[in-house]
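In case you want the letters, here they are:
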Amino acid sequence: MNPNLRIRLLGLLTAFIISLIGTSVAEGRLSPFPDELNLLQGHARQLNVALPVQASVSVDRPDVVRLNGSAETTSVSIGSPLELSPLQSGVAKLNMKLFGQIPLKTVKVNVIPDLKVIPGGQTIGVKVKSAGILVVGHHQVIGDNNQKSSPGEEAGIQVGDLITHLNGVSLKEVKDVAQIAGEAGKNKKPIKVTLTRAGQKIQASIRPAYDKQDGAWRLGLYIRDSAAGVGTLTFYAPDQGVYGALGHVITDMNTQTPIVVGSGQILQSSVTSIAKSESGEPGEKRAHFIREGKTLGTIERNTHFGIFGKMTQNPEHSVYQESIPVAFSDEIKEGPAEILTVVEGQRVERYKVEIVHVSKQNAPQTKGIVLRITDSRLIEKTGGIVQGMSGSPIIQNGKLIGAVTHVFVNDPKSGYGCFIEWMLQDAGIIQGSSKNGEQNLKAG
C-alpha cells in the first residue's frame, strides 16, 4: 500500500476512534441529564455539564429561552456551566452536538409563568367515597344443613377488586348491593358483575346464597364504599382555585390498594393528642373533624403524590396569608429548611429541619428529598415525624420546595419528602405526567 495512503487511512481511523470515544464518554456524562426541564419565567437556571470534550448547544426558540444570557448557540464543557434564561412562557428545545456536528441529546424546556402558592400546614380531615364498592374480604354464608359457602370467592372475585356495576346498575353505596342481591336471590337468578382489577375491566357472574342466621341473601363478600382519616394540607393555589395535600396516595387499610375516588371532601380538623414516634414504631396524630357541615374543598384525584381538588379560599390558621414562590428540584440545596405542621389544636407552626439529600429525578418519583428534624420543640412533642404529618409543606429560602411524605421507621427523626413540582403537576397547575417510582417506611 502507498505509504501516504496508509498514513491518511491511519489518520482517519484515529480521528474516528477519538470521535467515537468522545461521543461515548459524552453520552455517559449526559445520561443523568434530564430529557425535560420545567423553568419558571424570569428565574435563570444554571446547569453544570461535565463533558470532557467541547460540545455546542443551540435553542430553537430564543424568544422563550436564551443561553448564557443572550446567545442562541453556545459551547459547553467541563468548567463552563450552561445558564438558561427563561424569557416568556412556552416550549423550547435544546439541541446538544459533539464538536458542533454529532447529535448528542435533545432537551425539552417548558417555561411556566412565574408560579406562587400559599403553603398550608393545617391538619385536615379527609372523607373519600370510592368510585364503586371495594372488596376487602370474603366470608362464609351459613345455609341449609349448616353448609358454608362464599359465593363471591367461588365466582373468582378477589380482595382489592372494585365492583362498579351489578346487573348493569352503577353502584354508589354499600346498601345498593344488599338490595340487588335480595332481588336476585328471591328470583333465583345470577347477578352479572362488572369490576376493575389492576386497571382491567372484568366481567363475572355470582349467585347469592341465603344466610339462615340473619335471614338475608348474601354474596359472601366484605365490602366498603368509603374511607376517612387525617392528613396535612400542602398548598392552596388561589389563582387556579385548587389545592394539594398528603404527598402520598391514600390506600385502603385492608387491601393496601389505592382508592379510586368517586367523590370526597376535606374538612377542618383539630389535633387532640400525639402518640410519639420511637425507633421501630411510628407515632401518629390523633385528631377529630370539626364543622363537618362546612367543607374546605372537594377531592377529585388520589395519586401517588396525594389528593387534589377544588378549593375556593385559603383555610383558617395559615402562617402565610399571601402566596410565595415555588422552587423546582434543581434549586433545592442540602442545608437548613423548615416545615409547617400542627401538633396541638389547629395552630400551624414552623419547625426547623435539615435537608440531607436531594435526589436527581428525570421523572416523577415520590422520594426526592431526605430530611431530618432538627427542631428540639418538635422532637419533644412528637419524637420526629408521625403519621398524619404527611403533606406538611417544606420551605427553603422563602420558597415552597416539597412536602413530607414518609418517616424512616428505625429513625423517626428522618424521613422522605417529594418535590413540589410533582404535586403541582397532579394538581393540574403545570403540565406533566406522574410515574410512581423503597429502608422500611411508613407514610407520615
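Residues numbered from 1 in each chain as written. Predicted model: local features only at pLDDT ≥ 70, side-chain atom pairs only at ≥ 80, totals over all residues. Heavy atoms only, no water.

Some details on the side chain of His248
Then, number 1: Relative to the helices and strands, His248 is located in the loop between strand 20 (242-246) and strand 21 (261-275).
Then, number 2: Of the residues examined, His248 reaches a relative accessible area of 15% and is grouped as buried.
Then, number 3: A distance of 3.1 Å separates polar atoms of two side chains, one belonging to His248 and the other to Ser390. (Helix = DSSP H or I, 4+ residues; strand = E, 2+ residues; numbered from the N terminus. Buried < 20%, exposed > 50% of the residue type's maximum accessible area, 1.4 Å probe, protein only. Polar contact = N/O pair within 3.5 Å; in protein donor to acceptor, adjacent residues only side chain to side chain.)

Describing the sheet that holds strand 8 (residues 102-112)
Then, number 1: Reading across from one edge, 1-8-7-3-5 is the order of the five strands in this open sheet, with mixed pairing throughout. The sheet is open, and its two edges are formed by strand 1 (36-40) and strand 5 (73-76), each paired on a single side. For this sheet the average axis-to-axis angle between neighbouring strands, irrespective of direction, equals 25°.
Then, number 2: Two strands pair when backbone bridges link them, and strand 3 (residues 55-59) and strand 7 (residues 90-98) are joined in this way by five bridges, in the antiparallel orientation. (Pairing = 2+ DSSP bridges. Axes fitted to C-alpha atoms, helices over the stretch in contact; angles between N-to-C directions.)

Considering empty space enclosed by the protein
Then, number 1: Its volume calculated, the largest cavity comes out at about 80 Å³.
Then, number 2: Taken together, Gln122, Thr123, Ile124, Gln268, Ser269, Leu296, Pro315, Glu316, His317 and Gln346 make up the lining of the largest cavity. (1 Å grid on protein atoms, 1.4 Å probe; cavity = no way out; pocket = protein on both sides within 12 Å on 5 of 7 lines; lining within 4 Å. Points joined across faces, edges and corners; volume = space filled by probe spheres on them.)

Re the confidence of the model for the protein
Then, number 1: Averaged over every residue, the pLDDT of the protein is 85; residues scoring 70 or more account for 87%.
Then, number 2: Confidence over residues 11-32 falls short of pLDDT 50; this stretch has 24 contacts with residues more than four positions distant or in other chains.
Then, number 3: Predicted confidence for residues 433-442 stays below pLDDT 50, and this span has 31 contacts to residues more than four positions away or in other chains. (pLDDT = per-residue confidence, 0-100. Contact = heavy atoms within 4.5 Å.)

Here we look at the environment of Arg207
Then, number 1: Within the element layout of this structure, Arg207 appears in the loop between strand 16 (200-206) and strand 17 (209-211).
Then, number 2: Since its relative accessible area comes to 53%, Arg207 is described here as exposed.
Then, number 3: Sequence separation between Arg207 and Trp217 is 10 residues, and the spatial gap between their C-alpha atoms is 9.6 Å.
Then, number 4: Dropping the residues within four chain positions of it, Arg207 is found in contact with Pro151, Lys188, Lys189 and Pro190.

Re the packing of aromatic side chains
Then, number 1: All told, the structure shown has two aromatic pairs when counted by the stated rule.
Then, number 2: Taken together, a centroid distance of 5.2 Å and an interplanar angle of 65° make the contact between Tyr210 and Trp217 edge-to-face.
Then, number 3: Residue Trp217 is classed as partly exposed on the basis of its relative accessible area of 22%.
Then, number 4: Ring centres of Phe408 and Tyr416 lie 5.1 Å apart, and the angle between their planes is 70°; this geometry places the pair in the edge-to-face category. For the pair Phe408 and Tyr416, a shared accessibility class is recorded, and that class is buried.
Then, number 5: The cationic tip of Lys367 hangs over the ring face of Tyr416; the distance from NZ or CZ to the ring centre is 6.0 Å. (Phe/Tyr/Trp six-rings, centres within 6.5 Å; stacked < 30°, edge-to-face > 60°. Lys NZ or Arg CZ within 6 Å of the ring centre and 35° of its normal.)

Regarding the nonpolar core
Then, number 1: Among the nonpolar cores identified, the biggest contains 67 residues, and Ile339 and Leu424 are the most heavily contacted of them.
Then, number 2: Ignoring anything within four residues of it in the chain, the contact list for Ile339 reads Glu349, Arg350, Tyr351, Val353, Leu371, Ile373, Leu378, Met389, Pro393, Ile394 and Val404.
Then, number 3: Of all hydrophobic cores here, the second largest spans 20 residues; its members include Leu47, Val65, Leu82 and Leu94. (Core = buried A, V, L, I, M, F, W, Y, C linked by side-chain atoms within 4.5 Å.)

Side note on the pattern of salt bridges
Then, number 1: Under the counting rule described, the total for this entry stands at 16 salt bridges.
Then, number 2: Glu173 is paired through a salt bridge with Lys175; the nearest N and O atoms lie 3.6 Å apart.
Then, number 3: Using a relative accessible area of 32% as the deciding quantity, one classes Glu173 as partly exposed.
Then, number 4: Here Glu300 ties to Arg301 by a salt bridge, and the two come within 3.8 Å at their closest N and O atoms.
Then, number 5: The network of salt bridges with common partners includes Glu349, Asp375, Arg377 and Lys381. (Salt bridge = Lys/Arg side-chain N within 4 Å of Asp/Glu carboxyl O.)

Description of the pairing of strand 9 (residues 116-119)
A regular strand places its side chains so that they alternate between the two faces of the sheet.
Then, number 1: Note: strand 9 against strand 25 (residues 324-325), two bridges, orientation antiparallel. Paired with Lys116 across the strands is Pro325, a residue of strand 25.
Then, number 2: Two elements, strand 9 and strand 19 (residues 221-237), share two bridges in a ladder whose sense is antiparallel. What sits directly across from Ile118, in strand 19, is Tyr236.

Quick word on the environment of Leu67
Then, number 1: Structurally, Leu67 is set in strand 4 (residues 65-67).
Then, number 2: Sequence separation between Leu67 and Ala44 is 23 residues; the distance between their C-alpha atoms is 9.8 Å.
Then, number 3: When near neighbours in sequence (up to four residues on either side) are disregarded, Leu67 contacts Val57, Ser58, Val59, Glu72, Thr73, Thr74, Leu82, Glu83, Leu84 and Leu94.

Focus on the sheet that holds strand 6 (residues 82-86)
Then, number 1: If you trace the three strands from one edge of the open sheet to the other, you get 2-6-4, paired in antiparallel fashion. Lying at the two open borders of the sheet, with one neighbouring strand each, are strand 2 (45-47) and strand 4. Strand-to-strand twist across the sheet, computed as the mean angle between neighbouring axes with direction ignored, equals 25°.
Then, number 2: Two elements, strand 4 and strand 6, share three bridges in a ladder whose sense is antiparallel. Bridge pairing links Leu67 to Leu84 in strand 6.

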